Amino acid sequence: MGSVRSFCTFLVIFLSCLVAVHGQGTRIGFYSTTCPNVETIVRNTVTSHFGSDPRIAPGLLRMHFHDCFVQGCDGSVLLSGPNSERTAGANTNLRGFEVIDDAKTQLEAACPGVVSCADILTLAARDSVTLTQGQSWQVPTGRRDGRVSLASNANNLPSPSDSVANQQRKFSAFRLTTRDLVALVGGHTIGTAACGFFTNRIFNTTGNTADPTMDQTFVPTLQRLCPQSGDGSARVDLDNGSGNTFDVSFYNNLSRGRGILQSDNVLWTNPTTRSIVQEFMASSSNFNVQFARSMVKMSNIGVKTGRNGEIRRVCSAVN
C-alpha cells in the first residue's frame, strides 16, 4: 500500500512538472479578477505606438517569437545588460521595447505587481496582428517572468539561411509541427529583412547572377534596393507589395519565386511544405485559424507559472 501511495505521489509531481514545462498553467482570463483591464491597457498602448510607427507591429511579433524560442516565453528577451539576449546577433535589430515598457508602467499603476512582462509581450504580439488586419484570438495568460537572459542562449534561433530540415529540427524541439512552422513563418507577411541577409541570393561572387529559384524579373528590383556594395542594414519588405498587411500575399509571393529569405523560399521548393503553402494560399481562413492555433501553442513553450519566476516591476530588469 505504501509503494502505491509513493508511486501516486511521484506521478502527481511528475505531471505537475510536465505541465510547467509545456505551459499548460496558462489560461484565458487569468487576470479577470486581479487586473480586468489588462488587455484593454495593452491594446491601447500598442495601438498608440502603432499610430506613430507602424513598424512596431512586426517588431513586437518578432520579439515574441525570439523570446519563446530561447528558454521559453518568459520575457527574458526584454532584460537589458551586458551579454543579455538583447545583445545577441539575432536580436540586435529587435524593436518595440518601449511599447512593452509603456504598457508595464500603466499596468503597474492600475494593478501593481500583478501582470508579467511575458504576458504583456504575448498580448502585444496578438494585438500587432489585428492592427495589421489579421484575425484576433484569445490569449491564455498567467506566465511569470524569467530571471536569466544570456546572449549565448540565443544561438539556436532559426536562421535566414536555414533549410527546411533545419527549421523542422528547431521547431520540433519545442513540439511544433511542420504545419506550425509554415503558419508561423507566415508572420513574415508583415515586416522587413536587412539586405545583408539575402544579397548572396541576388548576387554571386562573380557578378549579377541570382539564385535560379528566384523570379528573375524580380531580381533587378532587389538589386536596386540592395546594391552589391551598398548598406547591408537597409531593409526590404518580406512580403513584396503587401508588407503592411497581415494576409496570404506572402505565400503567393513564395509560389512566384519572390521569397526574400532563403529560409522562406525553401518552403515552396520543398514538396512537404509546399502543400501547406498551397493550402494557405487558397484559403486565408485556414491560414488565420492555423496561425492563431500555432501562436497559442508557441506562446506556451516553457512558460513559468505558479512559484517559478517572478512578476517584474520593470521589464528590463529583474526585481
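All values reported here derive from a predicted model rather than from experimental measurement. (Residues numbered from 1 in each chain as written. Predicted model: local features only at pLDDT ≥ 70, side-chain atom pairs only at ≥ 80, totals over all residues. Heavy atoms only, no water.)

### Considerations on the UniProt feature "binding site: heme b" (unreviewed entry) in the protein chain
Step number 1: The UniProt record marks His188 with the feature "binding site: heme b" (unreviewed entry), using the residue numbering of this structure.
Step number 2: Summarising the element assignment, His188 is placed in the loop between helix H7 (178-185) and strand E1 (192-194).
Step number 3: Since its relative accessible area comes to 24%, His188 is described here as partly exposed.
Step number 4: In contact with His188, not counting residues within four places along its chain, are Leu238, Asp239, Phe250, Leu261 and Asp264. (UniProt positions renumbered as here; feature names shortened; annotations may be inferred. Helix = DSSP H or I, 4+ residues; strand = E, 2+ residues; numbered from the N terminus. Buried < 20%, exposed > 50% of the residue type's maximum accessible area, 1.4 Å probe, protein only. Contact = heavy atoms within 4.5 Å.)

### Notes on empty space enclosed by the protein
Step number 1: Evaluated as defined, the whole model comprises 1 cavity of 30 Å³ or more.
Step number 2: Along its surface, the largest cavity is lined by His64, Thr122, Arg126, Trp137, Val139, Pro140, Met295, Val296 and Ser299.
Step number 3: Sorting the residues of the lining of the largest cavity by element identifies helix H5 (117-131) and helix H13 (284-298) as the ones contributing at least two each.
Step number 4: Classifying every residue of the lining of the largest cavity by side-chain character gives 5 nonpolar, 3 polar and 1 charged. (1 Å grid on protein atoms, 1.4 Å probe; cavity = no way out; pocket = protein on both sides within 12 Å on 5 of 7 lines; lining within 4 Å. Points joined across faces, edges and corners; volume = space filled by probe spheres on them. Nonpolar A, V, L, I, M, F, W, Y, C, P; charged D, E, K, R; others polar.)

### Section: H7
Every α-helix winds through 3.6 residues per turn, so residues three or four apart in the chain are directed the same way.
Step number 1: In terms of burial, H7 is a largely internal element, 6 of the 8 residues being buried.
Step number 2: Buried within H7 are the following residues: Asp180, Leu181, Val182, Ala183, Leu184 and Val185.
Step number 3: Those residues of H7 that are buried lie in contact with helix H6 (164-172), helix H10 (249-255), helix H11 (262-269), helix H12 (271-282) and H13.

### Quick look at the domain arrangement of the protein chain
Step number 1: Looking at the protein chain, the domain boundaries give domain 1 (37-154) and domain 2 (164-294).
Step number 2: Taking only C-alpha atoms, the centre of domain 1 and the centre of domain 2 are 24 Å apart.
Step number 3: Across the boundary between the two partners, domain 1 contributes 12 residues, which contact 15 residues of domain 2.
Step number 4: The largest contributions to the domain 1 side of the interface with domain 2 come from Phe69, Thr132 and Gln135, which together make up 40% of the buried area.
Step number 5: Remark: the boundary between domain 1 and domain 2 carries 0 salt bridges.
Step number 6: One can count 1 residue pair in polar contact (both at pLDDT 80 or more) joining domain 1 with domain 2.
Step number 7: In terms of residue count, the dominant contributor to the side of domain 1 that touches domain 2 is helix H3 (residues 56-68) (4 residues). (Domains from an automatic or database assignment. Buried area = accessible area lost by both parts, 1.4 Å probe. Salt bridge = Lys/Arg side-chain N within 4 Å of Asp/Glu carboxyl O. Polar contact = N/O pair within 3.5 Å; in protein donor to acceptor, adjacent residues only side chain to side chain.)

### Section: the packing of H11 against H12
Step number 1: At a closest axis distance of 5 Å, the pairing of H11 and H12 adopts a crossing angle of 90°. Considering the angle they form, H11 stands roughly perpendicular to H12. Side by side, H11 and H12 meet where Val266, Leu267, Trp268 and Thr269 of the first sit next to Pro271, Thr273, Arg274, Val277, Gln278 and Met281 of the second.
Step number 2: Per-class residue counts for the contact of H11 with H12 are 6 nonpolar, 3 polar and 1 charged. (Axes fitted to C-alpha atoms, helices over the stretch in contact; angles between N-to-C directions. Parallel < 35°, antiparallel > 145°, perpendicular 65-115°, else oblique.)

### Focus on the pattern of salt bridges
Should their charged atoms come close, side chains of opposite charge can pair.
Step number 1: Taken as a whole and assessed by the stated rule, the structure comprises 14 salt bridges.
Step number 2: Among the ionic pairs, Asp215 bridges to Arg258, the shortest N-O distance being 2.9 Å. Linking Asp215 in the loop between helix H8 (199-202) and helix H9 (219-225) with Arg258 in the loop between H10 and H11, this pair joins segments that are 43 residues apart in sequence. Exposure class is identical for Asp215 and Arg258. Each is buried.
Step number 3: Residues joined by salt bridges that share partners form a network here, namely Glu39, Arg43, Arg126 and Asp127.

### Overview of unusual backbone geometry
Step number 1: Even without glycine at this site, Gln133 takes up a positive phi of about 80°.
Step number 2: Unusually for a residue other than glycine, Arg175 sits at a positive phi of about 60°.
Step number 3: Within the secondary structure, Arg175 sits in the loop between H6 and H7.

### Some points on the confidence of the model for the protein chain
Step number 1: When pLDDT is averaged along the protein chain, the result is 92; 91% of the residues meet or exceed 70.
Step number 2: For the stretch residues 1-23, pLDDT sits under 50, and the model shows 13 contacts to residues farther than four places along the chain or on other chains. (pLDDT = per-residue confidence, 0-100.)

### Comments concerning the state of the cysteines
Step number 1: Using the criterion set out here, one finds 4 disulfides in the structure.
Step number 2: Sulfur-sulfur distance for the disulfide between Cys117 and Cys315 comes to 2.1 Å. Handedness of the Cys117-Cys315 disulfide follows from its S-S torsion of about -95°: it is left-handed. Highlighted residues: Cys117 in helix H5 and Cys315 in the segment after H13, separated in sequence by 198 residues. For the residue pair Cys117 and Cys315, the accessibility class agrees, reading buried in each case.
Step number 3: In the protein chain, the bonded cysteines, taken in the order they occur along the sequence, pair up as 1-4, 2-3, 5-8, 6-7. (Disulfide = S-S within 2.5 Å.)

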